[in-house]
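Report on the structure
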Amino acid sequence: MSTSTLEAWSAVEQRLCALASPGTDPGLACMERLMKQLECPADFPAIHVAGTNGKGSVCACLDSMLRFAGCKTALYTSPHLTFIGERLCVGGEPLSPEKWNQACGALELALEQLDDCRLNYFQLLTAAAFWLIQRENVDAAIIETGLGGRLDATNIIPRPLLSIITPLGMDHTELLGGTLEQIAFEKFGIIKAGSKALYCGGSRELNEQFYARCRAQGTQGEILSQSCSVSDVRVTLDGSSFCFSSPRGKKQLFTRLVGTYQPCNAALAVRALELLSDTLPAENGIEIGLRSVLWPGRMEVIRRNPDMILDGAHNPHGVRGLISSLNALYGQTAPLSIVYASMADKDYMKSLSLIAEAFPNARLFCTELEGNARCESACKLAERAGSLKWKLPPAAEPDMMNAIKLAAAENNPVILCGSLYFIGCARMRLLGA
């Protein structure tokens, strides 16, 4: 991407930041008032996706399968890796900075009439994205929640075609609650009356909580792990193959997404399209859509021999998935080179302890993001990680590219992980994309 284009996207982001309030009013009342002022009812045909991990992969699978079935789609996800325009794609491509500037102009006019409403950056970003989606006349909009679900800015969608809940884990506990049941309460909050709901499945308690929410809303709910099965999983650096069995029969499928957890994400997306076949006839796009799907920065293989993999695992739940996938690819005794950066407010010690325990021969290279005030320093990461059992003491290299070079010099598979911000920055530097 050219420097001028990146500057144009940066200007859009700065314009949105300038409109945001430092604090926000609780609940969705201000979002609803803003959307009314924008004359944007957000009543486009939507598939709404919440969960702790796997949301983006499920959304990417849905978007790809629907597009290959001939549908015009919008895909709204977060965060972006390189530039803000990645967050909204229509027909598989980002909209132009010019269109985003039109949306910003509409926001500015609307906010002049709402001087008593305080809206944060993500709320304004979502309002702008929904304003744009409303004007694109899409057949389906795949919408990923930002944080939680019940009070998330995206939850102004009045009646989605389908609400999907991916695996739940402990993350953002300071905002969502300190138990899985409390977190589930927030995530299940996207389930609306008069639509359908699909949950990947969890403990007996969470499953019962899901069904209770569906009954309360008068929603047709299904749990994937009870109605369907995934078997014969095979994971390679080229992708993941699996057998999917549902009430519609068996399918042998392959997805380009790498990881032991990706067949379950893909299965959730496939079942979603089966449930929506009466309103979105798209089953003819399933096989080629899964084969073609891309989701950058998530178990993304960017080099081979020696391998280099980018993965945005940034919480213990996601790290367990990363470990499972690396075990399937390389085995537990593999001498991996792990390049790690984390935001200071994340539970990185839990994540690092899981990696150290899983791969006793791994070497850890700690780094940081220059200019990012939230990022933990490389020295502090290495110092704290030094209390764990590594074959060699962790190395601290503040310069990201130098840390990657040091890791690559070991001539072992190099795994970059710990923060999506880190993955986005590294990806741009390594691939120029």
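Residues numbered from 1 in each chain as written. Predicted model: local features only at pLDDT ≥ 70, side-chain atom pairs only at ≥ 80, totals over all residues. Heavy atoms only, no water.

Looking at the overall build of the protein
Regarding its fold elements, the protein presents 16 helices and 17 strands. Over its C-alpha atoms the protein spans a radius of gyration of 21 Å, differing by no more than 12% from the 22 Å that the globule rule assigns to 433 residues. Summarising its shape, the C-alpha atoms of the protein cover approximately 60 × 50 × 40 Å along the three principal directions. Residues classed as buried in the protein amount to 56% of the 433 residues present. Nonlocal contacts in the protein, meaning residues at least 24 apart in sequence, comprise 73% of its contacts between residues at least 6 apart. Side chains of the protein carry 40 positive and 44 negative charges; the gap between the two charge centres is 5 Å. (Helix = DSSP H or I, 4+ residues; strand = E, 2+ residues; numbered from the N terminus. Rg over C-alpha atoms; globule rule 2.2 N^0.38 Å. Buried < 20%, exposed > 50% of the residue type's maximum accessible area, 1.4 Å probe, protein only. Contact = heavy atoms within 4.5 Å. Lys, Arg positive; Asp, Glu negative; His and termini not counted. Charge placed at Lys NZ, Arg CZ, Asp CG, Glu CD.)

Quick notes on the packing of aromatic side chains
Applying the stated criterion across every chain, the model contains eight aromatic pairs. For the ring pair Tyr 199 and Phe 210, a centre distance of 5.5 Å and an interplane angle of 40 degrees mean the geometry is tilted. On the criterion of sequence distance, the pair formed by Tyr 199 in strand β7 (residues 196-199) and Phe 210 in helix α8 (residues 204-217) is long-range, its members being 11 residues apart. Like Phe 210, Tyr 199 is buried. Here Phe 210 and Tyr 211 contribute two aromatic rings whose centre-to-centre distance is 5.6 Å and whose plane-to-plane angle is 55 degrees, an arrangement assigned as tilted. For Phe 210, a relative accessible area of 0% puts it in the buried group. Using a relative accessible area of 27% as the deciding quantity, one classes Tyr 211 as partly exposed. (Phe/Tyr/Trp six-rings, centres within 6.5 Å; stacked < 30°, edge-to-face > 60°.)

Focus on the nonpolar core
Ile 47, Leu 62, Leu 66, Ile 164, Tyr 199 and Leu 290 are the most contacted members of the largest nonpolar core, which has 52 residues in total. No other element matches the eight residues that helix α10 (residues 262-275) contributes to this core. Once you skip the residues sitting within four places of it in the chain, Leu 290 turns out to touch Cys 61, Met 65, Phe 242, Leu 253, Phe 254, Thr 255, Arg 256, Ala 266 and Val 270. Grouped together as the second largest cluster of nonpolar side chains are 47 residues, Ala 46, Trp 131, Ala 141 and Ile 143 included. (Core = buried A, V, L, I, M, F, W, Y, C linked by side-chain atoms within 4.5 Å.)

Quick look at the pairing of β7
The alternating pattern of β7 places Lys 196 and Leu 198 and Ala 197 and Tyr 199 on opposite faces, both of which are buried. Bridge count for strand β6 (residues 162-165) against β7 is four bridges, and the pairing is parallel. Of the residues in β7, the one forming a bridge with Ile 165 is Tyr 199. Two strands pair when backbone bridges link them, and β7 and strand β8 (residues 220-223) are joined in this way by four bridges, in the parallel orientation. Its bridge partner being in β8, Tyr 199 is matched across the sheet by Ile 223. Chirality of the crossover, the property in question, places the unit of β7, α8 and β8 among those that are right-handed. (Pairing = 2+ DSSP bridges. Right-handed = clockwise from strand over helix to strand, strands pointing away.)

As for α10
Taking 1.5 Å as the rise per residue, α10 with 14 residues should run 20 Å; its terminal C-alpha atoms sit 20 Å apart, in good agreement. In terms of residue burial, α10 counts as a mostly covered element, since 13 of its 14 residues are buried. (Expected span 1.5 Å × (residues − 1).)

Let's talk about the layout of surface pockets
Within this model, the second largest pocket holds a volume of roughly 990 Å³. For the lining of the second largest pocket, the secondary-structure elements that each account for two or more residues are α3 (55-68), β4 (93-94), β12 (300-303) and α16 (420-431). Of all the elements, α3 adds the most residues to the lining of the second largest pocket, at five residues. (1 Å grid on protein atoms, 1.4 Å probe; cavity = no way out; pocket = protein on both sides within 12 Å on 5 of 7 lines; lining within 4 Å. Points joined across faces, edges and corners; volume = space filled by probe spheres on them.)

Quick word on the packing of helix α4 (residues 97-112) against helix α5 (residues 121-136)
Close contact between α4 and α5 brings their axes to 9 Å; oriented N to C, the two are set at 115 degrees. The hand of the α4/α5 crossing is right-handed. Residues Lys 99, Trp 100, Gln 102, Ala 103, Ala 106, Leu 107 and Leu 111 of α4 touch α5, and the partners they reach there are Leu 124, Leu 125, Ala 127, Ala 128, Ala 129, Trp 131, Leu 132 and Glu 136. Its residues assigned to classes, the contact of α4 with α5 shows 12 nonpolar, one polar and two charged. (Axes fitted to C-alpha atoms, helices over the stretch in contact; angles between N-to-C directions. Left-handed = near helix turned anticlockwise from the far one by under 90°. Nonpolar A, V, L, I, M, F, W, Y, C, P; charged D, E, K, R; others polar.)

Examining the pairing of β12
Relative to strand β13 (residues 308-310), β12 is paired through three bridges, and the arrangement is antiparallel. Directly across from Val 301, in β13, lies its bridge partner Ile 309. Count of turn residues in the β12/β13 antiparallel hairpin: four residues, of which Asn 305 carries a positive phi of about 55 degrees.

Things to note about the sheet that holds strand β15 (residues 363-366)
In a beta sheet, neighbouring strands pair by backbone hydrogen bonds and run either parallel or antiparallel. The sheet built from six strands is open, its strands ordered β12-β13-β17-β14-β15-β16 with mixed pairing. Bordering the open sheet on either side are β12 and β16 (395-396), each of which pairs with just one other strand. Pairing between β15 and β16: two bridges, direction parallel. Its bridge partner lying in β16, Phe 365 is registered against Ala 395. Along the sheet, helix α13 (residues 348-358) makes contact with β14 (337-340), β15 and β17 (414-417), crossing β14 at roughly 175 degrees.

Brief notes about helix α14 (residues 378-385)
Of all the residues in α14, the buried ones are Ala 378, Leu 381, Ala 382 and Ala 385. The arc that holds every buried residue of α14, seen down its axis, measures 95 degrees, which confines them to one face. Counted as exposed and oriented over 90 degrees from the buried face of α14: Cys 379 and Glu 383. The inward-facing, buried residues of α14 contact β14, α13, β15 and β16. (Arc of directions from axis to C-beta.)

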